[in-house]
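Analysis of the macromolecular model
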Amino acid sequence: MKITKICCIGAGYVGGPTMAVIAQKCPHIQVTVVDLNEQRIKDWNDPNTENIPIYEPGLSEIVAEARGRNLFFSTEVEKAIDEAQVIFISVNTPTKTYGKGKGMAADLKYIELCARQIAKVAKQNKIVVEKSTLPVRTAEAIKSILDNTGNGVQFQILSNPEFLAEGTAVTDLLNPDRILIGGDATPEGEAAINALVDVYANWVDKDKILTTNVWSSELSKLTANAFLAQRISSINAMSELCEKTGADVNEVAKAIGMDSRIGSKFLKASVGFGGSCFQKDILNLVYIAKSYGLNEVADYWEQVIIMNDHQKRRFSNKIVQTLYNTVAGKKITFLGWAFKKDTNDTRESAAIYVADDLINEQAEVSVYDPKVSRTKMLSDLDYLETRTSEENNSSLAIFNNAYEACKGAHAVAVLTEWDEFTTYDWQKIYDSMHKPAFLFDGRNILNAKELEGIGFIYKGIGS
Ligand code: UDX
Ligand code: ADP
């Protein structure tokens, strides 16, 4: 089967960049990304591609090249489903906030709605691809809905998880470590797998395209995220021990990372991991393990989350303790709100939780982030439901300029590792702050010696 038309349901952080790259690399395939959110589609269609709703280095250039040629953003979900041979499902699968599995299991209501919509519209055979990260065996549920509510057409379900990381989405998509495609071991399943392999083979070496059964593919994605998050919690656990023993976590990370069996990546101690995936996927893994009665497996992975929550809380506690056990009425400036650099995404960002703790201690929190909007920061805090929107609004001061944000502060805290923070005139910032001037580097990106030379009391993570 030759693929000429692709539809992607969900124009979010995964669907948008992934489809933009497929369209760029496959000019012979028409790619239509659809979403129920009209504003989001309007933003993707903004004549100035600098204004597309997702900030990723290199993405606006790709959208500028492909949009209108073979890349389209639309709210006409049914039309796009009808026309496409392949439909990617790339909608959100948040942690459930109600009912059974609340706070743990993935909420699959958006996935089910997509399946029902595809079943209703499809008049020809379709390949349905799970792009969103899903609990293992979700494909079974999708297949059951499609087969039982469809118009008698044949559906092949493939699992094709996305491993891109935000902030490096474009380079990850252009040069992936691997592409994983899971499908049925039937002649129809294999034909569907091959059709999707051919799409990726337009720019990815065939030996990097792995094909597996559906369940292995679904579980591999959860496993990859769990292992990555586990490394961060492991090094963060060591960071606390380093602080007690006089060891330096950066030196420890370097020493162990040179062991080729361990490797040097994902060993950066921090204020705690954030992002839309790690916590959600581990909770989901824990839930699945518990549902099979595998309590030891569940407890093992849950500890990764417990450690991460501890690391965030430890950071806010350290600020309070260092500032003579009170931050009431003191201005504490955050540099960074995004969950990592080079993205405007803030989901589960450590900054939100640290701000919430400090506001509880009656601090006046000020924030500067080069990419995150004021509305986003306030809605992140509101989402925690710790206090009213009005109270959040009056407790958080948001600045467009880092120097202004730091003026008159008792302490500055680095929450995101934006490169620009390392290029600041720190003498100027020091001069404008209350003394003693405290600097809490939640990302270990600044030069401690230089800052101490200026006069800052510098506190990094794990040293
Ligand atoms: C992650 C996975 O990397 C990606 O493969 C998957 O598709 C989605 O989830 P993402 O959440 O976008 O990607 O970013 P990632 O680079 O993994 O960072 C996650 C969090 O961990 C960030 O808050 C980051 O700052 C933090 N982190 C990462 C550390 O604290 N230390 C590290 O060494 C690495
Ligand atoms: P991710 O990080 O997984 O890409 P996002 O929340 O950024 O998640 O994006 C998911 C997108 O999917 C949202 O823009 C949402 O409006 C869209 N969406 C959810 N359900 C549907 C649906 N049934 N039809 C079309 N779009 C949907």
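Predicted, not measured: the structure shown is a model, and the values here were computed from it. (Residues numbered from 1 in each chain as written. Chains lettered and ligands numbered in written order. Predicted model: local features only at pLDDT ≥ 70, side-chain atom pairs only at ≥ 80, totals over all residues. Heavy atoms only, no water.)

Around ligand 1, the structure places 20 residues, and the nearest of them are Phe-163, Glu-166, Lys-221, Ser-270 and Arg-443. For ligand 1, an oxygen atom lies 2.8 Å from a polar atom in the backbone of Leu-164. Summarising the interface, the protein chains cover 90% of the accessible area of ligand 1, which totals 660 Å² for the free molecule. Among the elements that take part in the shell around ligand 1, helix H9 (residues 214-245) stands out by supplying 4 residues, more than any other. (Near = heavy atom within 4 Å. Polar contact = N/O pair within 3.5 Å; in protein donor to acceptor, adjacent residues only side chain to side chain. Areas by Shrake-Rupley, 256 points an atom, 1.4 Å probe, with all protein chains shown as cover. Helix = DSSP H or I, 4+ residues; strand = E, 2+ residues; numbered from the N terminus.)

Along the chain, the position of Ser-60 falls in helix H3 (residues 59-66). Take Ser-60: its relative accessible area is 11%, and that puts it in the buried class. Looking at Ser-60, its side chain comes within polar contact range of the side chain of Glu-61, at 3.3 Å. Those residues in contact with Ser-60 that sit more than four places away from it in its chain are Thr-49, Glu-50 and Ile-52. (Buried < 20%, exposed > 50% of the residue type's maximum accessible area, 1.4 Å probe, protein only. Contact = heavy atoms within 4.5 Å.)

Turning our attention to empty space enclosed by the protein. Applying the stated criterion across every chain, the model contains 4 cavities of 30 Å³ or more. One number sums up the size of the largest cavity: a volume of about 50 Å³. Together, Glu-130, Ser-132, Thr-133, Leu-134, Ser-159, Asn-160, Pro-161, Glu-218 and Lys-221 line the largest cavity. Roughly 40 Å³ of volume is contained in the second largest cavity. Taken together, Glu-243, Gln-311, Arg-314, Phe-315, Lys-318 and Ile-461 make up the full set of residues lining the second largest cavity. Of the residues forming the lining of the second largest cavity, the biggest block, 4 residues, is contributed by helix H12 (residues 295-322). (1 Å grid on protein atoms, 1.4 Å probe; cavity = no way out; pocket = protein on both sides within 12 Å on 5 of 7 lines; lining within 4 Å. Points joined across faces, edges and corners; volume = space filled by probe spheres on them.)

Here we come to the pattern of salt bridges. A complete count under the given rule lists 24 salt bridges for this structure. Note that Glu-140 is salt-bridged to Arg-137, the shortest N-O span being 3.1 Å. Note on Arg-137: relative accessible area 33%, which makes it partly exposed. Put simply, Arg-443 and Glu-417 hold a salt bridge, and the shortest N to O gap is 3.7 Å. Linking Arg-443 in the loop between strand E13 (438-441) and helix H18 (448-454) with Glu-417 in the loop between strand E12 (411-414) and helix H17 (426-431), this pair joins segments that are 26 residues apart in sequence. Like Arg-443, the residue Glu-417 is buried in the burial classification. Bridged by salt links that share partners, the residues Glu-240, Glu-243, Arg-314 and Lys-318 form one connected network. (Salt bridge = Lys/Arg side-chain N within 4 Å of Asp/Glu carboxyl O.)

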